[in-house]
Structure formats: C-alpha cells, structure tokens
Amino acid sequence: MNSLLFTGFPGFIGRRLIKALVEKFDYQDVFLIVEPSRVNQAREEISSYPDSSRYHIIMGDITQKKLGVDPETIEKLRGRVKHAFHLAAIYDLTVPWERAYRVNVIGTENFVNFLAEIGGVERFVYFSTAYVSGTLEGTVFEDELATPPGFKNHYEHTKYLAEQIVRRNMSDIPTTIIRPAIVIGDSRTGETDKFDGPYYVMIFFKKYPRWLPLPYIGKGEAEVNLVPIDFIIDATVALTGLSKAVGKTYHLADPSPMTARQLYELFCLKLRNSRPRG
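Below: a short report on this structure. (Residues numbered from 1 in each chain as written. Predicted model: local features only at pLDDT ≥ 70, side-chain atom pairs only at ≥ 80, totals over all residues. Heavy atoms only, no water.)

## Concerning the overall build of the protein
Inference 1: Broken down by element type, the protein carries eight helices and eleven strands.
Inference 2: Scored against the burial criterion, the 278 residues of the protein give a buried share of 47%.
Inference 3: If you take every contact in the protein between residues at least 6 apart in sequence, the share linking residues at least 24 apart comes to 78%.
Inference 4: In the form shown here, the protein has an accessible surface area of approximately 14700 Å², with 53% of it arising from carbon and sulfur atoms. (Helix = DSSP H or I, 4+ residues; strand = E, 2+ residues; numbered from the N terminus. Buried < 20%, exposed > 50% of the residue type's maximum accessible area, 1.4 Å probe, protein only. Contact = heavy atoms within 4.5 Å. Areas by Shrake-Rupley, 256 points an atom, 1.4 Å probe, with all protein chains shown as cover.)

## As for the side chain of Arg 179
Inference 1: Relative to the elements of secondary structure, Arg 179 occurs in strand 6 (residues 175-180).
Inference 2: Polar contacts involving the side chain of Arg 179 include one to the main-chain carbonyl oxygen of Glu 144, which spans 2.7 Å. (Polar contact = N/O pair within 3.5 Å; in protein donor to acceptor, adjacent residues only side chain to side chain.)

## Some remarks on the pairing of strand 6
Inference 1: Judged by how many residues are buried, strand 6 sits mostly within the fold: six of six residues are covered.
Inference 2: On the question of chirality, the crossover connecting strand 5 (residues 123-127) to the parallel strand 6 by way of helix 5 (residues 154-168) is right-handed. (Right-handed = clockwise from strand over helix to strand, strands pointing away.)

## Notes on the pattern of salt bridges
Inference 1: Under the criterion given, the structure shown has eleven salt bridges.
Inference 2: Via salt bridges that share partners, Arg 16, Asp 186, Arg 188 and Asp 230 belong to a single interconnected network. (Salt bridge = Lys/Arg side-chain N within 4 Å of Asp/Glu carboxyl O.)

## Things to note about the environment of Leu 87
Inference 1: One can find Leu 87 in the loop between strand 4 (81-86) and helix 4 (97-118).
Inference 2: Residue class for Leu 87 comes out buried when judged on its relative accessible area of 4%.
Inference 3: When the C-alpha positions of Leu 87 and Ser 128 are compared, they lie 8.2 Å apart, and in sequence the two are 41 residues distant.
Inference 4: If we skip the residues at most four places from it in the chain, Leu 87 touches Phe 6, Thr 7, Gly 8, Ile 13, Gly 14, Leu 17 and Phe 127.

## Remarks on the environment of Val 105
Inference 1: With respect to the element layout, Val 105 can be found in helix 4.
Inference 2: C-alpha separation for the pair Val 105 and Ala 162, spaced 57 residues apart in sequence, amounts to 4.7 Å.
Inference 3: The residues contacting Val 105, other than those within four sequence positions of it, are Ala 100, Thr 158, Leu 161, Ala 162 and Ile 165.

## Some remarks on the packing of aromatic side chains
Inference 1: All chains considered together, the criterion is met by eight aromatic pairs.
Inference 2: Ring geometry for Phe 111 and Phe 124: centres 5.7 Å apart, planes at 45°, overall tilted. Here Phe 124 lies in strand 5 and Phe 111 lies in helix 4, a separation of 13 residues in the sequence. (Phe/Tyr/Trp six-rings, centres within 6.5 Å; stacked < 30°, edge-to-face > 60°.)

## Focus on the sheet that holds strand 4
Inference 1: Strand order in the open sheet formed by seven strands is 3-2-1-4-5-6-10, and the pairing between neighbours is parallel. The open sheet has two edge strands, strand 3 (55-59) and strand 10 (248-252), and neither has a second partner. Across the sheet, the axes of successive neighbouring strands diverge by a mean angle of 15°, strand direction being ignored.
Inference 2: Pairing of strand 4 with strand 5 involves four bridges; the strand directions are parallel. Each bridged residue has a counterpart across the sheet, and for His 86 the counterpart in strand 5 is Tyr 126. (Pairing = 2+ DSSP bridges. Axes fitted to C-alpha atoms, helices over the stretch in contact; angles between N-to-C directions.)

## Comments concerning helix 7 (residues 229-240)
Inference 1: In this model, helix 7 (twelve residues) spans 16 Å end to end at C-alpha, consistent with the 16 Å of a helix rising 1.5 Å per residue.
Inference 2: Buried residues dominate helix 7, accounting for nine of its twelve residues.
Inference 3: Of the residues making up helix 7, those classed as buried are Ile 229, Asp 230, Ile 232, Ile 233, Ala 235, Thr 236, Val 237, Leu 239 and Thr 240. (Expected span 1.5 Å × (residues − 1).)

## Observations concerning helix 2 (residues 39-47)
Inference 1: Buried residues of helix 2: Val 39, Ala 42, Glu 45 and Ile 46, and no others. Along helix 2, the residues classed as buried sweep out an arc of 125° about the axis, all on the same side. Exposed side chains of helix 2 directed beyond 90 degrees from the buried face belong to Asn 40, Glu 44 and Ser 47.
Inference 2: Of the surrounding elements, those touching the buried residues of helix 2 are helix 1 (12-25), strand 2 (29-34) and strand 3. (Arc of directions from axis to C-beta.)

Here's what the structure looks like:
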C-alpha cells in the first residue's frame, strides 16, 4: 500500500515536508502520530490542505511502547506503510537530561520497534543532527558515528544515542539518515515560524537602541552552519525516492559556512540598511 507514517507534525519542518512528500509520491493515506497537546493544531493545519480526507491523525505518545497506539490502529497500519518518517524530538538545547532521553532516545527506539511490528516499510527516513559528534574535532564523515569525548548539551548526546539505535536496525528496516545543520527560514521568502538560534540575535538587534554602537564580544572564529528549510525539504524528498540512499547517512549542511563574526557583521549590515535615514 502507498501510505506514509509520520511523526513530528505539525512542527516547523514537518508541515512543509508533508506537503512536499504528498506532492511527490501521491500517498493514498497519510498517518500522523501526534501528541495529545498538538492534536487541535494538527487538525486545523490539515483542514486547509487539498484532499484533506487522506490525512489521518493518530493520537499517540512516542515515549510509550507501541507509541501509545491502540491495537486496532496497529492492525490497520500493518503492511500498509510505504514510507515512514521520524522527526519528533526535543530540540531545546537547554532541555534536562531525563526529558531529552525519554523523548529522543526511548521515543526513537519505540518508533523503530513499531515499524518492525507493522512490517512492510520500504523506506524509513530518520532525522538526526549534524551535531551527533559533540566535541569531536576534525572531519566527521557521513558513514561514521564515532564516540566523541563529550557533548555540548543533552540534545547532542541523546541524538547520538538515538542514531545508534537506528543504525543497529538498518539491516532489517531500509533506512536513510538525515543529519541537518541549523535549519532556518526559506531562502527565497524568508518565511519562518522557528524563532530560535540566529533569530535571537536578530531580535536583539531590532530592539537595540539605534543611537548606541553595536558591541561584539569574543573572537567569533567558530563556524555557524545554517541551512534554509527549502534546501532541507528538497534534499529529503529527493533522497526518499533514491534507491541508493538506503543504508546511507547524509549531512545536509553548508559546505562553506560563515563564522560567527561574519554572520554578526552581516546582521549589522542588514540592520543598518533597514533603518530609516535621518
């Protein structure tokens, strides 16, 4: 059966990715595992989609065994899922360990086990992160998942552990792993609803008194790898339909990222140009 199973809806990436996948693969049914607190938001989002009847919200919880899904729904999904996507995770860099581990690690393990139970999945696409290598220095290749000397936060650590789980099951479930860098808005329109990361700096600039010179602290030599959401969507859809992508991992990142200093100066330039001349 030509159906899609998806977690991470109606998140920032999830909403746009769903639309692109449906346009490309024309799924007969789209099954969305949505946590209870976001069901109303998911329903509102789907109501605006063409042919909304193909979308089915399944209230679930990835931290529970079998995703908290009832047996009747599991039977309905058995053998019907062509593509499965797991995006649901805690992305907050300040998240406590217990919550990060429960959602990112146990949640991933539960989803992988769920796919094994329903069977028949032709492609499982798992969203990891380009930062699974933590504080490891040097070049890290896509086919590597080396144990780093440490991690900057619990998000990196738990995504590393989650990717280990996915990799252990790749021989049984045809899998493609996506490792995006820091995802920002659309490269053409600037559209976003994910105001974190570099957007904090832009918001600070907008509120900063215009009569004060903008300060800069530190050397700013660290690279900041930003990738627009449209690039992530286009690449993911292409890899989903690529047979040789099975068993592979892909870094979706900027090969020539700016440094923190360069990014700061770019923000300053844009801010100066946007201010009215007196």
